[in-house]
Amino acid sequence: MAYLLMFVTLLHLITLAMLFIATMEKSWWVWDGMENSDLWYNCRFDNDTGTWLCASSKETEWLQAVQVLMVLSVVFSSVSFLVFLGQLFTMSKGGLFYFTGLCQAFAGLTAFGASLIYTLHNKEILQDSRELTAGHFGYCFILAWVCVPLLLCSGVMYIHLRKKE
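Treat the numbers as computed from the prediction; the structure is a model and nothing was measured.

A.B. asks: Describe the packing of aromatic side chains, naming the residues involved and giving the relevant values.
C.D. replies: Each aromatic ring pair is summarised here by two numbers: the centre-to-centre distance and the angle between the ring planes. Across all of its chains, the model carries 13 aromatic pairs by this definition. Both rings, one in Trp-28 and one in Tyr-118, keep their centres 5.0 Å apart while their planes meet at 70°; by these two values the pair is edge-to-face. Of the two residues, Trp-28 is situated in the loop between helix H1 (2–24) and strand S1 (29–31) and Tyr-118 in helix H3 (residues 98–120); the sequence distance between them amounts to 90 residues. Judged by relative accessible area, which is 0%, Tyr-118 ranks as buried.

Here it is in structure tokens:
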């Protein structure tokens, strides 16, 4: 039981870190490594100065939906971890971690919604950017998709996990 508890806690921390990176980093869409776009900024690498020049992304309804869902996913996962720690020390023997599991499952569903919207509507989200055929999805987009099954699985594990002395 102790190994399962450590595994679930480690999985939760890993997925929380991955969600945070996917939400905040600059690589949801990449053009030839010199220009990229994320949920907040469009950035271009300046060879003369060796720095990234970033401008705010144009706000579209689809982009705002992805932003909100990714932030909600991070919030749900964070709340889930804090509630889990609280339940771990205050819950009576034999109790189930239902609320923690539901928060984690909601985090997975919101990350799924955000990733799906970005997949299906990237043309509308990146409408003022360069030609989309010259670019590809970046690692933050892939991290968001990887988080979805991990969050859902950890949510199911929390729901089935019982507290033992």
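Moving on from the coordinates now.
A.B. asks: Describe the side chain of Gln-104, with residues and values.
C.D. replies: Tracing the chain through its elements places Gln-104 in helix H3. Residue classification places Gln-104 among the buried residues on the basis of a relative accessible area of 0%. For Gln-104, the contacting residues outside a window of four places in its chain are His-12, Thr-15, Ser-77, Ser-80, Leu-151, Ser-154, Gly-155 and Tyr-158.

Rules used in this analysis
- Residues numbered from 1 in each chain as written.
- Predicted model: local features only at pLDDT ≥ 70, side-chain atom pairs only at ≥ 80, totals over all residues.
- Heavy atoms only, no water.
- Phe/Tyr/Trp six-rings, centres within 6.5 Å; stacked < 30°, edge-to-face > 60°.
- Helix = DSSP H or I, 4+ residues; strand = E, 2+ residues; numbered from the N terminus.
- Buried < 20%, exposed > 50% of the residue type's maximum accessible area, 1.4 Å probe, protein only.
- Contact = heavy atoms within 4.5 Å.

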